[in-house]
Amino acid sequence: SVLVLLPLEVATGVLYKLTKLMIESFQIQSGENAPDLLNVITDPLTNSIIQLDKSVINEIATGDPAARNKSLIKIWCKTETTTVLKNVTVPGPENCTSAALCWVEGNVTWTTKNVSETIYLEKCHHLFASAKLSDLAVGLILLALSLLVLCTCLILIVKLLNSMLKGQVAVVIKKILNTDFPFPFSWVTGYLAILVGAG
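Every value quoted in this text rests on a predicted model; they were computed, and no experiment measured them.

1. Focus: the sheet that holds strand 2 (residues 102-105)
Here we have 3 strands laid out as an open sheet, ordered 1-3-2, and antiparallel in their pairing. Looking at which strands have only one partner, the edges of the open sheet turn out to be strand 1 (76-90) and strand 2. When strand polarity is set aside, the average angle formed by the axes of neighbouring strands in this sheet is 45°. Bridge count for strand 2 against strand 3 (residues 108-123) is 4 bridges, and the pairing is antiparallel. Paired with Trp103 across the strands is Trp110, a residue of strand 3.

2. Quick look at the UniProt feature "transmembrane region" (unreviewed entry) in the chain
Feature annotation in UniProt places "transmembrane region" (unreviewed entry) on residues 136-161, given in this structure's numbering. End C-alpha to end C-alpha, residues 136-161 measures 38 Å, and it is 100% helix and 0% strand.

3. Here we look at the pattern of salt bridges
Opposite charge on two side chains allows them to pair when their charged atoms are near. Counted by the stated rule, this structure contains 3 salt bridges. One salt bridge connects Lys20 with Glu24, and the closest N-O pair in it is separated by 3.5 Å. A residue pair is termed a helical-turn pair when its members lie 3 or 4 positions apart in one helix, as Lys20 and Glu24 do in helix 2 (residues 14-25) at 4 residues. Residues Glu59 and Lys70 are paired through a salt bridge, measuring 2.9 Å at the closest nitrogen-oxygen approach. With Glu59 in helix 4 (residues 54-61) and Lys70 in the loop between helix 4 and strand 1, this pair connects stretches of sequence that are 11 residues apart.

4. Overview of a nonpolar patch on the surface
A cluster of nonpolar side chains, Leu136, Leu140, Leu143, Leu147, Leu150, Leu154, Ile157, Leu160, Leu161, Met164, Leu165 and Val169, forms an exposed patch at the surface whose accessible area comes to about 1,200 Å². Mapped onto the elements of the fold, Met164 is located in helix 5 (residues 135-164). What makes Met164 partly exposed here is its relative accessible area of 45%.

5. Comments concerning the state of the cysteines
Tallied over the full model, the rule gives 1 disulfide. With no disulfide of its own, Cys151 lies closest to Cys153 among cysteine sulfurs, the gap being 9.4 Å. What makes Cys153 partly exposed here is its relative accessible area of 39%.

6. Examining the environment of Gln27
Locating Gln27 in the fold gives a position in the loop between helix 2 and helix 3 (37-49). Its relative accessible area of 65% is what places Gln27 among the exposed residues. Between the C-alpha atom of Gln27 and that of Ser116, which follows or precedes it by 89 residues, the distance is 38 Å.

7. Notes on helix 2
When the terminal C-alpha atoms of helix 2 are compared, their 17 Å separation across 12 residues agrees well with the 16 Å that a helix rising 1.5 Å per residue should span. At the C-terminal side of helix 2, Gln27 shows a positive phi close to 50°.

8. Brief notes about the packing of aromatic side chains
Under the defined criterion, the tally for this structure stands at 0 aromatic pairs. Sitting over the face of the ring of Trp76, Lys123 holds its NZ or CZ atom 5.9 Å from the ring centroid.

What counts as what
Residues numbered from 1 in each chain as written. Predicted model: local features only at pLDDT ≥ 70, side-chain atom pairs only at ≥ 80, totals over all residues. Heavy atoms only, no water. Pairing = 2+ DSSP bridges. Helix = DSSP H or I, 4+ residues; strand = E, 2+ residues; numbered from the N terminus. Axes fitted to C-alpha atoms, helices over the stretch in contact; angles between N-to-C directions. UniProt positions renumbered as here; feature names shortened; annotations may be inferred. Salt bridge = Lys/Arg side-chain N within 4 Å of Asp/Glu carboxyl O. Patch = residues over 30% accessible without salt bridge, like charges linked within 9 Å, V, L, I, M, F, W, Y side chains within 5 Å. Areas by Shrake-Rupley, 256 points an atom, 1.4 Å probe, with all protein chains shown as cover. Buried < 20%, exposed > 50% of the residue type's maximum accessible area, 1.4 Å probe, protein only. Disulfide = S-S within 2.5 Å. Expected span 1.5 Å × (residues − 1). Phe/Tyr/Trp six-rings, centres within 6.5 Å; stacked < 30°, edge-to-face > 60°. Lys NZ or Arg CZ within 6 Å of the ring centre and 35° of its normal.

Right, here's the structure in full:
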């Protein structure tokens, strides 16, 4: 490959031009959130099976201890954060937002503060959105499913190739593989076999 493709690329730049055309056809935006080539194809299927909460992954990566008890499985796909004025307890009068918004009831000091609240609007539509399973159980189920799908695909590929290499196709391949060209062109036989195999 190196002996053939490297000089060809240096002389013509054909591989660069070909891959540039392919990438431009995907209409990928540059920047931080540019999609992966494979993700464009696989995301619709994986999102229908499972969705992960990226904010929890970020919290775990930054070392937030509260994130250890959170689930990685995304349950709510549409949420809204609003700021609400609420009565909250504080350790003492010095922690109040202002003197006017501070009162004491027994041993408890109250103040009015702006508190951020998350409103859950819409649940996700993947297989495990409503399942009451732990992350470990979901991970093991997905591992078993992915191995099953992988093995099934490999078996089907082998069966497909076996069925294709019977009958007329097999006769043609055997003729080509067993053919030897006369002396000056004997080197062509191997390349011809490679082309037939690729075909």
